[in-house]
Amino acid sequence: MKSTIISALGFAAATMAHGIVSNLTIGDELYDMYNPYSTPYLNPIPDLIGWTVSSNGPVEDVSSAAIACNADSKAGAISATAAAGSSVKFSWTVWPESHRGPVMTYMANCNGDCSEVDATTLDFFKIDEAGLLADGTWASDSIINDGSTYTASIPSDIAPGNYLLRHELLALHSAGTVNGAQFYPVCANLVITGTGTAVPTDTVKFPGGYSSDDAGILLNIYYPVPTSYVIPGPPVYQGGGASASSTAAAIASTSVASYASEASTSVAAYPTEASTSVAAYPTEASTTLAA
Ligand SMILES: [Cu+2]
């Protein structure tokens with residue numbers, strides 16, 4: 001009896017612990033995304049722009065097909081039409097504070113209908129990223145502070161066409177061991193309109209874009225507390241067909257400068273947080289393994 005109760009609690013923790021993107025706001029249109037805990041039970045099951053995800057659990061093997069659009073993902077049946085330059089607001093379900101890390105957003109031309117594409121074959125360019133912020137907090141912290149939302153912009157000069165949008169949070173709380181970093185990717189289909197002609201060339205495939213030992217993927221974010229962070233993947237597309245590799249460096253040096261002045265505060269505050277994280281982690285690790 002006792003063990004039954006414990007497993008029931010463990011299951012609840014596993015399903016509540018992580019996050020998924022529940023909807024997108026593109027321009028001023030709201031689009032539901034696929035929720036594995038509610039969408040399959042709707043009758044009829046709606047056609048969505050979002051690709052399916054099998055759970056709210058992470059992808060940990062960057063060499064697996066799951067790194068593209070999540071585990072066992074199936075393409076969304078429809079596409080959202082949006083003008084180049086539109087904003088996209090990603091609304092996450094409640095994101096756990098312990099899951100600190102960066103957020104990255106990519107696009108890839110589907111060269112045809114995105115609902116029939118194999119995401120692992122596409123060439124993704126990065127349109128937005130945020131990692132370790134100047135005050136020593138992470139992009140994931142600002143997402144929590146913004147009501148579990150993150151907003152990125154579709155480049156204004158890209159050629160019209162069918163594009164796959166790929167957005168992800170990367171949780172680094174157990175990134176100190178190989179394949180310990182937790183990726184939460186999600187994809188959605190777009191039809192981009194406009195008069196742009198740019199074709200970004202600094203692209204990666206998924207899998208392929210990340211390595212398990214990338215500086216921003218295999219690292220300990222607790223000891224020592226990082227003062228700079230290299231966001232994984234290619235540089236962000238800057239418009240005019242170019243990507244600026246200086247973006248990450250500029251952010252990193254800002255972080256170092258402003259973080260140092262705060263170091264004593266952060267160090268003082270850190271032990272409390274560290275013990276919380278360490279205490280919390282075994283529960284999640286065991287539920288993840290069980291699942
Ligand atoms: Cu988690």
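A. Fine view of the confidence of the model for the chain. Within the chain, residue pLDDT values average 83, and 78% of them lie at 70 or more. In this model, residues 1–16 is a region of pLDDT below 50 whose contacts with residues beyond four sequence positions or in other chains number six contacts. Contacts of residues 246–291 to residues separated by more than four positions or lying in other chains number 37 contacts, the stretch itself having pLDDT below 50.

B. Here's a closer look at the coordination of the copper ion. For the copper ion, every protein donor is listed as H18 (ND1), H99 (NE2) and Y184 (OH), and the spread of their distances is 1.8 to 2.8 Å. Donor residues for the copper ion, ordered by position in the chain, follow H-x80-H-x84-Y. Taken together, the positions of H99 in the loop between strand 4 (87–92) and strand 5 (103–109) and Y184 in strand 9 (residues 182–193) put the pair 85 residues apart, joining distant regions of the chain.

C. Just the state of the cysteines, in detail. Within the structure shown, the criterion is met by two disulfides. The disulfide bridge from C69 ends at C187, spanning 2.0 Å between sulfur atoms. Measuring the twist about the S-S bond at about -85°, one finds the C69-C187 disulfide to be left-handed. Note that C69 is positioned in helix 2 (residues 66–69) and C187 in strand 9, a separation of 118 residues in sequence.

D. Quick look at the side chain of T52. If you trace the backbone, T52 turns up in the loop between strand 2 (29–32) and helix 2. Under the relative-accessibility criterion, T52 is labelled buried at 18%. Within the structure, the side chain of T52 is placed 2.7 Å from the backbone nitrogen of K74, a separation counted as a polar contact. Setting aside residues no more than four positions away along its own chain, T52 makes contact with Y34, C69, D72, S73 and K74.

E. Inspection of the packing of aromatic side chains at higher detail. Tallying each qualifying case throughout the model produces nine aromatic pairs. Judged by centre distance (5.3 Å) and plane angle (70°), the rings of W92 and W95 are edge-to-face. When sorted by exposure, W92 lands in the same class as W95, which is buried.

F. Looking closely at unusual backbone geometry. Of note, the amide linkage connecting F206 to P207 takes the cis form, showing an omega dihedral of 0°. Tracing the chain through its elements places P207 in the loop between strand 9 and strand 10 (237–239). The peptide bond linking Y223 to P224 adopts the cis configuration, its omega dihedral lying at -15°. Residue position: P224 is located in the loop between strand 9 and strand 10.

G. Spotlight on the sheet that holds strand 6 (residues 124–130). Taken together, the five strands give an open sheet; going across it, the order is 3-9-8-5-6, and neighbouring strands pair in mixed fashion. Every other strand in the sheet has two partners, leaving strand 3 (80–83) and strand 6 as the edge strands with one partner each. The sheet shows a mean angle of 35° between the axes of neighbouring strands, taken without regard to direction. As defined by bridge partners, strand 8 (residues 161–171) adjoins strand 9 across eleven bridges and the pair is classed as antiparallel. Residue pairing for strand 9: H167 is matched across the bridge by V186.

Thresholds applied
- Residues numbered from 1 in each chain as written.
- Predicted model: local features only at pLDDT ≥ 70, side-chain atom pairs only at ≥ 80, totals over all residues.
- Heavy atoms only, no water.
- pLDDT = per-residue confidence, 0-100.
- Contact = heavy atoms within 4.5 Å.
- Donors = N, O, S within 2.8 Å, 3.2 Å for Na, K, Ca; no water.
- Helix = DSSP H or I, 4+ residues; strand = E, 2+ residues; numbered from the N terminus.
- Disulfide = S-S within 2.5 Å.
- Buried < 20%, exposed > 50% of the residue type's maximum accessible area, 1.4 Å probe, protein only.
- Polar contact = N/O pair within 3.5 Å; in protein donor to acceptor, adjacent residues only side chain to side chain.
- Phe/Tyr/Trp six-rings, centres within 6.5 Å; stacked < 30°, edge-to-face > 60°.
- Pairing = 2+ DSSP bridges.
- Axes fitted to C-alpha atoms, helices over the stretch in contact; angles between N-to-C directions.

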